[in-house]
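Per-entry structural report
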Amino acid sequence: QVQLVESGGGLVQPGGSLRLSCSASGSTLIGGAMGWYRQTPGSQREWVAAITSGGGAIYADSVKGRFTISRDNVKNTVYLQMSSLKPEDTAVYFCAGSRYSVSSRPSDYWGQGTQVTVSS
C-alpha cells in the first residue's frame, strides 16, 4: 500500500527558511513524478511544485525563485526547500505522487499534510 508521510513543518519568521520532507513507501517515489500542494482554510488546494522521476522541476509563479523541489530516489524522499518565506505562504502543505514518471500535477497518492506558519 502506498503511503506518503510529510515532515518538517513548523513556525518560522518572515524571511526565514524551512525544508519539508516527504517519505514514500513502496515503489511510488522511484517510478513516479512527485509534487507539493498547499491549502489554507476555506480555500482550494493550490499546486506549488512538481518534479519528474528524472529530476525536472516546475513551480507555481508564486513560489518561483524562493522554493526548490528535489528528490532522493535512494532514500525514497522528496523535499521542498522554502526560502524567503512570507506570511502568505502559511498553509498546510501536502505531498502528492503520480503513477506516471512525468506529471505536472501529481495526484494519485496523497500525504496527510504538514502545517507551515510564517509569522513574527
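Structural data are supplied above this passage.
Residues numbered from 1 in each chain as written. Predicted model: local features only at pLDDT ≥ 70, side-chain atom pairs only at ≥ 80, totals over all residues. Heavy atoms only, no water.

Our focus in this paragraph is the environment of Ser-119. Looking at the element boundaries, Ser-119 is found in the segment after strand 11 (114–118). Look at Ser-119 and you get partly exposed, because its relative accessible area is 39%. Linking Ser-119 and Pro-87, residues 32 residues apart in sequence, is a C-alpha distance of 5.9 Å. For Ser-119, the residues in contact, after removing those within four places along its chain, are Leu-11, Val-12, Gln-13 and Pro-14. (Helix = DSSP H or I, 4+ residues; strand = E, 2+ residues; numbered from the N terminus. Buried < 20%, exposed > 50% of the residue type's maximum accessible area, 1.4 Å probe, protein only. Contact = heavy atoms within 4.5 Å.)

Okay, unusual backbone geometry next. Positioned with a positive phi, Asn-76 is a non-glycine residue whose angle comes to about 55 degrees. Tracing the backbone through its elements, the reader meets Asn-76 in the loop between strand 7 (67–72) and strand 8 (77–82). Of note in this structure, Ser-84 is not a glycine but carries a positive phi near 50 degrees. Among the structural elements, Ser-84 can be located in the loop between strand 8 and strand 9 (91–97). What makes Ser-84 partly exposed here is its relative accessible area of 42%.

Everything listed is a geometric property; what it means functionally is a separate question.
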